[in-house]
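# Overview (structure and organization)
Okay, here's what each chain looks like letter by letter:
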Amino acid sequence: MPDNKKFIENLSGTGKCIGVLTSGGDAQGMNAAVRAVVRMGIYVGAKVYFIHEGYQGMVDGGDNIKEASWESVSSMLQVGGTVIGSARCKDFRTHEGRLRAALNLVQRGITNLCVIGGDGSLTGANLFREEWSGLLDELVQSGEISEEASQIHSALHIVGMVGSIDNDFCGTDMTIGTDSALHRIIEVVDAIMTTAQSHQRTFVLEVMGRHCGYLALVSALACGADWVLIPEMPPKDGWEEQMCNKLSENRADKKRLNIIIVAEGAIDQSNKPITTELIKDLVVRCLGFDTRVTILGHVQRGGTPSAFDRILASRMGVEAVLALLEASPGTPACVVSLCGNQAVRLPLMECVQMTQEVQKAMDEKRFEDAVRLRGRSFENNLNTYKLLSHRKIDSELPHSSFNVAVLNVGAPAAGMNAAVRSAVRVGITEGHTMFAVSDGFEGFCKGQIKEIKWGDVGGWTGQGGSLLGTKRTLPAKHIDKIAEQMRIHNINALLVIGGFETCDRIKQSASGTKRRVFIIETMGGYCGYLATVGALAAGADAAYIYEEPFDIRDLQSNVEHLTEKMKTSIQRGLVLRNENCSVNYTTDFIYQLYSEEGKGVFDCRKNVLGHMQQGGSPSPFDRNFGTKISAKAMQWISKKLKECYREGHVFANTEDSACLLGMRRRALVFQPVIQLKDETDFVHRIPKEQWWLRLRPLMKILAKYKTSYDVSDSGQLEHIIRLRTKDISAI
């Protein structure tokens, strides 16, 4: 192994005790984080303790602090809320309360804490850490612990994970629970849209977010709301008339419904609350529209956690244990955050202080500073919403003589329509004439091209599939006819949405069944992403993929592992298989093998998910990601068109005139397609290197397999200031 590599096998938790607690408001995904901490802790040889009822349980001690076993966290991955309980604790805010908590921890040898909660819970944990040595001195003086015990437990290590549906913590792209809350909101909005369209109604929806408008802003982006009100950016004076004018214009354009989304903490420029009733009265008084108010309330906290939250929480839980194993007495309390697709560690108090700075900026009416302090992701969301929601009149548009066409290719994927809507509206805002191509390259060569206007893409965000139509036909055999159509319509630029199949829709969880193993076949061609992250999200026992060859010995080992598992209190098994992982080891073969070898211990069921994975409404993530990435692509096209325009012609003869836009580690990157040639396996239609393959050992560890896990990317404590000012394009 190279010297610069760091593997989990070299990290030991033997002799260490870890306490895990959830505190403050509950959030979907907290259980996944608890499960990951328990299993990773046990895997490395540490003892892990549940601290029930948050800080209250730590103060009260007794049965509130119990050692956890591997089996005790089985079947909790898909459960919402927190099964170990959470409580707001006044006692812990007192010195006497923290003294009792310290005694309870020392008596059990716990000097490592994983705290899952919001900024208040994490601030409390940091104060506890700072007071720790003083608290132990007091306990020695009172005779409650020995001097030796004080020396052995002299340092308290804290790692935080942010569990908050509001996404109100600076330093992380997403907090645990936010994506699930967005699912609840979008489910309600999609349901409301049908009744609103039936009766030509205006709906005013209040979503959670007393101090942070993230849920309101992203749900507005994801459903194409007419108006959104958030605390970080109060509307300017005269907003009432502007809003009513916009609602009236949309109704005049034959739009049968209006959606207004309000964060519960929405304010005006004078810091006065803007309530849903105020907005309803305004719309009824000025426009006479039939207007209804819906306050979502705690439904946003409820329900099953989304696949995204399960994976996020699992990754954070594992990273938290690694951080505790590597902590030294001088290591500051840290918080595990998400940046792009990477887990990073940041100093806890830097994040807390910046979060508090946001509120201070809002209190002082420095609203632009508040938006900037929220981070690049929040700022980009707000800018994208502004771009897409407010149509400029023709005289306000920049002059452009460019024609830009948009088309979908490959398999239909959830979020394509959101991307098309975004591209069309941003293109029109940039002054271009936008064209839509039906049925991919096949439709292109047949001349199925027509101009598409702002209003033509209204309501597209939440639609599944591809409204433009898409075919798998490649352009090579039609290249001359496509070139001819481009000349006929004078197309200067193409935005192509699609390509090698991707999809974010696997949320299969087989639970509540006695001694049964489910064999699930997923789509993905030769790409094992769906099988792998689906396995991680559902707590699967194995996932067979093309990228990681396997043989009959691996299958036999998996069957034996499941047989042993079924002898414990865990009586459910889940195995995922990518559709093209092996020519010979088919889903039927694996099903028959497991059925035969498991006789008398468990029975088997199989399910081929098929095209249901491509169907249905797009998730909030897909709507939001499709919208933002497409807006960014269109702005790049506009910039390139201006750069390449000379003497009435567009010259597209440089390497970067055809680029692919996608996420690389922490940033959205435009990469020339020609450069991708060496990085792509064209036979199997997959990249030669896949970032998510690093998640496979994590999946195996959480399923109790001994495996090698490269943790070289872990361990660097970064600083939030550097992340904010770094020249990256966060999504």
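For the structure itself, consult the block above.
Quick caveat, the model's predicted, so the values are computed rather than measured. (Residues numbered from 1 in each chain as written. Predicted model: local features only at pLDDT ≥ 70, side-chain atom pairs only at ≥ 80, totals over all residues. Heavy atoms only, no water.)

## Digging into the sheet that holds strand β10 (residues 334–339)
Just so we agree on the cut-off: The pairing criterion for strands is at least two bridges between them, as found by DSSP. Per the convention used, a helix needs a DSSP run of H or I reaching at least four residues, while a strand needs a run of E reaching at least two, with both numbered from the N terminus. All axes are obtained by fitting lines to C-alpha atoms, using only the stretch in contact for helices, and the reported angles, taken between N-to-C directions, cover 0 to 180 degrees. Contact between two residues is taken to exist if any of their heavy atoms lie within 4.5 Å; hydrogens are not considered.
Taken together, 7 strands build an open sheet; the order of strands is β3-β2-β1-β4-β5-β10-β11 and the sheet is mixed. Looking at which strands have only one partner, the edges of the open sheet turn out to be β3 (65–67) and β11 (342–347). Taken over all neighbouring pairs, the strand axes of this sheet differ in orientation by 25° on average, direction set aside. Examined bridge by bridge, strand β1 (residues 17–22) and strand β4 (residues 112–117) share 5 bridges and lie parallel to one another. Residue L21 lies in a different strand from β4, and its bridge partner there is V115. Sheet contacts for helix α1 (residues 30–43): β1, β2 (47–51), β4 and β5 (157–162); angle to β1, the most-contacted strand, approximately 175°. Contacts from helix α11 (residues 348–363) reach β10 and β11 within the one sheet, and its direction differs from that of β11 by about 85°.

## A closer look at the sheet that holds strand β17 (residues 542–544)
Strand pairing within a sheet occurs via backbone hydrogen bonds; the two strands may be parallel or antiparallel. In spatial order, the strands read β17-β18-β16-β19; together these 4 strands make up an open sheet with parallel pairing. Each of the sheet's edge strands pairs with one partner strand only, and the pair in question is β17 and β19 (603–608). Here the average twist between neighbouring strands, direction ignored, is 15°. Bridging between strand β16 (residues 516–522) and strand β18 (residues 572–578) involves 7 bridges; their strand directions are parallel. Within β18, the residue paired with T522 across the bridge is N578. Where helix α17 (residues 529–538) meets the sheet, its contacts fall on β16, β17 and β18, and the angle it forms with β18 comes to roughly 165°.

## Details of the pattern of salt bridges
Note the following rule: The term salt bridge refers to a pairing of a side-chain nitrogen on Lys or Arg with a carboxyl oxygen on Asp or Glu at a separation within 4 Å. Only protein chains enter the area calculation, which uses a 1.4 Å probe; residues under 20% of their type maximum are buried, those over 50% are exposed, and those in between are partly exposed.
Under the definition given, this model contains 28 salt bridges. Notably, a salt bridge pairs D369 with R372, separated by 3.7 Å at the nearest N-O pair. In this pair, D369 and R372 are both assigned in helix α12 (residues 367–374), 3 residues apart and thus about one turn of the helix distant. Among the residues examined, D369 registers a relative accessible area of 27% and is labelled partly exposed. The residue K640 makes a salt bridge to D656 at a minimum N-O spacing of 2.6 Å. With K640 in helix α20 (residues 620–644) and D656 in the loop between β21 (649–650) and β22 (659–664), the pair connects residues that are 16 residues apart, well separated along the chain. When its relative accessible area of 27% is taken as the criterion, D656 is described as partly exposed. The network of salt bridges with shared partners includes E364, R366, D369 and R372.

## Things to note about the packing of aromatic side chains
Our working definition: Between rings of Phe, Tyr and Trp, where Trp is taken as its six-membered ring, a pair exists when centres lie within 6.5 Å; planes separated by under 30 degrees are stacked, by over 60 edge-to-face, and by other angles tilted. Whether a charge sits over a ring comes down to the Lys NZ or Arg CZ being within 6 Å of the ring centre and within 35 degrees of the ring normal.
Considering all chains together, one arrives at 12 aromatic pairs under this definition. When the centroid spacing of 6.1 Å and the interplanar angle of 75° are considered together, the rings of Y529 and W692 count as edge-to-face. Taken together, the positions of Y529 in helix α17 and W692 in the loop between β25 (686–687) and α22 (696–702) put the pair 163 residues apart, joining distant regions of the chain. Take W692: its relative accessible area is 2%, and that puts it in the buried class. The residue whose ring lies beneath R251 is F289, and the NZ or CZ to ring-centre distance is 4.1 Å. Sitting over the ring of Y43, K706 keeps its end group 4.4 Å from the ring centre.

From the geometry alone we can't say anything about function, so treat these as descriptive.
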